[in-house]
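Each chain is listed here by its residues.
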Amino acid sequence: MKRPPAQCNRFFVSTDFSVSYRRAKQLEWQSPATSGYSLLAVLSGRLVYTTAGESRDLDATQFVLFEPNASLVANASHVEILLLTFSASLVMQHATAMHLVPANSTVSFKAGQLSGDQKLDAVFAEFVNELTDDQPGKDIVMRALVEQLVVHVLRNYAQPRRSEQLELSRVGLVDRRIRRSVELMHTQLDQELTLKALAAASYLSPFHFARLFKKLTGATPHNYLAGVRATRAQLLLAETELSVTEIGSRVGYLSASHFTKAFRLATGTTPREFRKGLIPANSSSAIERQ
């Protein structure tokens, strides 16, 4: 496999998963909580990440699995990483097909840094190869690799977790007590959603809603909304020819500069840099759109 350059950003985005490959001298981002799952792997170098109020080091050949509602702050120097996100429906669909979860259960993963998985290391290398080489059929191979990875982590690192409150809704795995407010975020993210409006969707006072939301997700309602907006923006950048300004407007930002700042905070890159590094489906090379 040809070694990627010292600075390399490659992204693949679909409706139910995304893959980010970053090779950078300096990398920093703050990913808000979401209703999906994710996997962060360090291929070379060292990364410091903070989640649930605890900071940890992630060294080369280590990876960590995050469950829904996990926020992440990360920074590193001279690092090479893969970040994969999966919709809750994709994970639960596979877990159900594999008979891993009984009724009223969700999937929980082993906590902390994991390593020594040669099969996953090989899959990570295939992801990098697909993202950095110009070959046709990338969308087919990427989905096949994601399917293989999800099955592998479910077999080796997952366990069912019984939950009477969490449910798989149309917007992901969400506690039913705040489901209506999270759905409102997804359906009206282009509008200015006040704390009062979000609380009303869950039939709670703003005070009690804010406390409950933070307790259940680890994030404030508006930080969570920022994550929803960043995820939708990535999909729009990948699947449309809309300008950055128009995409910012569609995900709820009044100005392109505000959108760029929020997007960079959530992803570690600007919308234009992200689009430049995109690997489009049904194409043999990356595209650069402005």
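Source: prediction; values computed, not measured.

Here we come to the packing of helix α4 (residues 179–187) against helix α7 (residues 221–239). The contact between α4 and α7 brings their axes to 10 Å, and the two run at 40°. If you check the angle between α4 and α7, you find them oblique. Relative to α7, α4 is oriented so that their crossing is right-handed. Contacts from Val-182, Met-185 and His-186 in α4 reach Pro-221, Tyr-224, Leu-225, Val-228 and Arg-232 in α7. A breakdown of the residues in the contact of α4 with α7 according to their chemical character gives six nonpolar, one polar and one charged.

Going through the model one piece at a time under the given rule, you end up with 10 salt bridges. Between Arg-46 and Asp-59 there is a salt bridge; the shortest N-O distance is 2.5 Å. You can see Arg-46 sitting in strand β3 (residues 37–51) and its partner Asp-59 sitting in strand β4 (residues 54–59), a full 13 residues away along the chain. Residue Arg-46 is classed as partly exposed on the basis of its relative accessible area, which comes to 47%.

Below, the discussion takes up the packing of helix α1 (residues 88–97) against helix α3 (residues 138–157). Across the interface, α1 lies against α3 with an axial gap of 10 Å and an inter-helix angle of 60°. One element, α1, and the other, α3, form an angle in the oblique class. Crossing handedness for the pair α1 and α3: right-handed. Only Val-146, Glu-147, Val-150, Val-151 and Leu-154 of α3 make contact with α1, whose side of the interface consists of Leu-90, Val-91, His-94 and Ala-95. The residue inventory of the contact of α1 with α3, partitioned by class, reads seven nonpolar, one polar and one charged.

The biggest cluster of nonpolar side chains holds 38 residues, and the ones touching the most others in it are Leu-39, Leu-82, Phe-86, Phe-127 and Leu-149. With eight residues, the top contributor of residues to this core is α3. Look past the residues within four positions of Phe-127 in its chain and what remains in contact with it is Val-19, Leu-82, Leu-84, Met-142, Leu-145, Val-146 and Leu-149. The next biggest cluster of nonpolar side chains, apart from the first, holds 34 residues, and it includes Val-13, Ala-199, Ala-233 and Phe-274.

If you trace the backbone, Pro-271 turns up in helix α10 (residues 271–276). Owing to a relative accessible area of 1%, Pro-271 belongs among the buried residues under this scheme. Sequence-distant contacts of Pro-271, that is, excluding residues within four places in its chain, are made with Leu-237, Val-244, Phe-259, Thr-260 and Phe-263.

When pLDDT is averaged across the chain, the result is 90; 94% of the residues are at 70 or more. No element of the chain has a lower mean pLDDT than strand β9 (residues 166–169), which averages 81, and none a higher one than helix α8 (residues 244–250), which averages 97. Under a pLDDT of 50 for its full length, residues 283–290 has, in the predicted model, 26 contacts with residues more than four places off or in other chains.

Moving on: helix α2 (residues 118–132). Along its 15 residues, α2 runs 21 Å from first to last C-alpha, staying within 8% of the 21 Å computed at 1.5 Å per residue. Buried within α2 are the following residues: Leu-120, Val-123, Phe-124, Phe-127, Val-128, Glu-130 and Leu-131. The buried residues of α2 occupy an angular sector of 165° when projected down its axis, which confines them to one face. If you check the start of α2, you find a side-chain oxygen 3.2 Å away from the backbone N of Lys-119, and it comes from Asp-117.

The geometry of an aromatic ring pair is captured by two quantities: the separation of the ring centres and the angle between the planes. On inspection of all chains with the given rule, the structure shows 11 aromatic pairs. Centre to centre, the rings of Phe-11 and Phe-274 are 4.4 Å apart; their planes meet at 25°, and the pair counts as stacked. Residue Phe-11 is located in strand β1 (residues 8–13), and its partner Phe-274 is located in helix α10; the two are separated by 263 residues in the primary sequence. You can call Phe-11 buried: its relative accessible area is 2%.

Conventions used here
Residues numbered from 1 in each chain as written. Predicted model: local features only at pLDDT ≥ 70, side-chain atom pairs only at ≥ 80, totals over all residues. Heavy atoms only, no water. Axes fitted to C-alpha atoms, helices over the stretch in contact; angles between N-to-C directions. Helix = DSSP H or I, 4+ residues; strand = E, 2+ residues; numbered from the N terminus. Parallel < 35°, antiparallel > 145°, perpendicular 65-115°, else oblique. Left-handed = near helix turned anticlockwise from the far one by under 90°. Contact = heavy atoms within 4.5 Å. Nonpolar A, V, L, I, M, F, W, Y, C, P; charged D, E, K, R; others polar. Salt bridge = Lys/Arg side-chain N within 4 Å of Asp/Glu carboxyl O. Buried < 20%, exposed > 50% of the residue type's maximum accessible area, 1.4 Å probe, protein only. Core = buried A, V, L, I, M, F, W, Y, C linked by side-chain atoms within 4.5 Å. pLDDT = per-residue confidence, 0-100. Expected span 1.5 Å × (residues − 1). Arc of directions from axis to C-beta. Polar contact = N/O pair within 3.5 Å; in protein donor to acceptor, adjacent residues only side chain to side chain. Phe/Tyr/Trp six-rings, centres within 6.5 Å; stacked < 30°, edge-to-face > 60°.

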